[in-house]
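Residue-level structural notes
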Amino acid sequence: MMDLDLRRRFFAEELEAVVKLRSAALVDAFAAVPRERFLRPGPWTVLSDSPDSFMMGAQTGVRTCTTPDADPARVYHNIVVAIDPDRQLFNGQPGTLGVWIDMLDLAKGARVLHVGAGLGYYTAVIAECVGPTGRVVAYEVDEVLAGEARRNLASRAWVDVRHDDASTSIDGPFDAILVNAGVTHPLEAWLDALTPGGRMMLPLTATMPAMGSTLGKGLVLLVTNDSTSMSAHVVTIVAVYSAIGLRDSQMNERVGKALMGGPQKWQAVKHLRRDPHEPSDACWLHGPTCCFSTLA
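Rules behind the numbers
- Residues numbered from 1 in each chain as written.
- Predicted model: local features only at pLDDT ≥ 70, side-chain atom pairs only at ≥ 80, totals over all residues.
- Heavy atoms only, no water.
- pLDDT = per-residue confidence, 0-100.
- Contact = heavy atoms within 4.5 Å.
- Pairing = 2+ DSSP bridges.
- Helix = DSSP H or I, 4+ residues; strand = E, 2+ residues; numbered from the N terminus.
- Axes fitted to C-alpha atoms, helices over the stretch in contact; angles between N-to-C directions.
- Parallel < 35°, antiparallel > 145°, perpendicular 65-115°, else oblique.
- Left-handed = near helix turned anticlockwise from the far one by under 90°.
- Nonpolar A, V, L, I, M, F, W, Y, C, P; charged D, E, K, R; others polar.
- Buried < 20%, exposed > 50% of the residue type's maximum accessible area, 1.4 Å probe, protein only.
- Salt bridge = Lys/Arg side-chain N within 4 Å of Asp/Glu carboxyl O.

A separate point is the confidence of the model for the protein. Of all residues in the protein, 93% have pLDDT values of 70 or greater, and the mean over the chain is 92. Taken together, the stretch residues 51-60 has pLDDT below 50 and engages in 25 contacts with residues farther than four places along the chain or on a different chain.

Quick look at the sheet that holds strand β12 (residues 230-241) now. Taken together, 10 strands build an open sheet; the order of strands is β8-β7-β6-β9-β10-β11-β12-β13-β15-β14 and the sheet is mixed. Only two strands of the sheet have a single neighbouring strand rather than two, namely β8 (159-163) and β14 (283-286). Neighbour-to-neighbour, the strand axes of the sheet open up by a mean angle of 25°, direction not taken into account. Inspection of the sheet shows β12 paired to strand β13 (residues 271-273) by two bridges, in the antiparallel sense. Bridging from a neighbouring strand, Ser231 pairs with His271 of β13. Sitting on the sheet, helix α3 (residues 94-102) is in contact with β9 (174-179), β10 (194-207), β11 (215-225) and β12, with an inclination near 155° to β9.

Before going further, it helps to spend a moment on the packing of helix α2 (residues 24-32) against helix α4 (residues 121-130). In the contact formed by α2 and α4, the axes pass within 8 Å of each other and the chain directions differ by 130°. The orientation of α2 with respect to α4, classified from their angle, is oblique. Viewed along their axes, α2 and α4 form a crossing whose handedness is right-handed. The residues of α4 that touch α2, namely those facing Ala25, Leu26, Ala29, Phe30 and Ala32, are Tyr121, Tyr122, Val125, Glu128 and Cys129. Considering only residue class, the contact of α2 with α4 consists of nine nonpolar, no polar and one charged.

A word on the side chain of Asn225. Here Asn225 lies in strand β11. For Asn225, a relative accessible area of 9% corresponds to the buried category. Every residue in contact with Asn225, bar those within four places of it in the chain, is listed here: Leu194, Thr195, Pro196, Gly197, Gly198 and Met230.

Turning our eyes to something else, we now look at the packing of α3 against α4. Across the interface, α3 lies against α4 with an axial gap of 11 Å and an inter-helix angle of 40°. Judged by the angle between their axes, α3 and α4 are oblique. As α3 runs across α4, the sense of the crossing is right-handed. Contacts from Pro94, Leu97 and Ile101 in α3 reach Tyr122, Val125 and Ile126 in α4. Taken together, the residues that form the contact of α3 with α4 break down as six nonpolar, no polar and no charged.

Taken as a whole and judged by the stated rule, the model has 18 salt bridges. Between Asp105 and Arg22 there is a salt bridge, with its nearest N and O atoms 2.7 Å apart. Residue Asp105 is found in the loop between α3 and β6 (111-115), and its partner Arg22 is found in the loop between α1 (4-19) and α2; the two are separated by 83 residues along the sequence. The partly exposed category is assigned to Asp105, whose relative accessible area is 42%. We classify Arg22 as exposed; its relative accessible area is 54%. With a shortest N-O distance of 3.0 Å, Asp69 and Arg74 are connected by a salt bridge. Ionic contacts of the salt-bridge type, sharing partners, join the residues Arg22, Asp102, Asp105 and Arg199 into one network.

Structure (structure tokens):
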């Protein structure tokens with residue numbers, strides 16, 4: 001078997017090549033953080049494309065399989081590993097979350113807010129990127145997961161894990177914000193905490209009846225604080241676990257309708273407006289506190 005340190009380095013460099021990571025520090029972080037220590041004991045349940053794999057939940061059609069054993073090398077692939085299969089809760093795909101983190105342009109000493117820490121794996125990757133001179137505040141709404149994440153991250157003194165939904169008292173400012181679950185809108189507290197030049201990765205999703213109540217589909221947007229305004233553009237489509245306590249039922253309906261407008265509409269989004277204004281054709285997603293607009 002390949003030495004695990006070498007295995008992690010190969011894994012990190014494969015991610016760099018496959019998803020075109022730009023940050024050398026992020027590649028080094030993936031090579032340094034032991035993913036198996038941020039998972040529950042194996043063998044592990046992983047998502048599978050195989051038609052012969054077990055279908056978990058007829059309503060969602062999520063296919064899974066189980067690794068043959070608990071060899072840590074099994075998790076050093078670009079795969080999605082279950083944290084809690086019964087709740088459809090997974091440790092996200094490294095290639096996907098790696099791109100999201102890469103787009104935050106993290107630097108040594110940066111202050112980062114991570115919403116939806118799970119067991120802390122991607123929090124640890126972020127922490128490695130910003131280093132001990134930085135600061136990472138990680139929120140996890142599930143009390144058990146928050147406790148496990150706190151233990152998993154105990155060796156990184158610059159990481160603060162909190163059991164909460166990150167809706168109040170987030171103790172900014174932050175240079176970067178990673179929202180790791182589907183929301184219907186960005187919270188004002190997050191926008192207020194973003195420093196000039198700061199970036200936020202935001203999954204905007206609508207829950208679909210066929211997917212159950214825990215999963216949603218939508219778009220990931222990169223929001224940048226340009227000092228006098230906030231720019232926004234769509235990065236990719238996404239299916240992700242819905243954030244608990246951070247969703248609004250009316251906005252969920254609005255997100256669903258906005259998505260039905262198709263790519264031609266959402267690809268034109270350029271700006272996140274926070275000023276009061278009446279809805280217009282330039283408003284792709286208009287809400288009570290902010291609006292994603294096609295106006296430059």
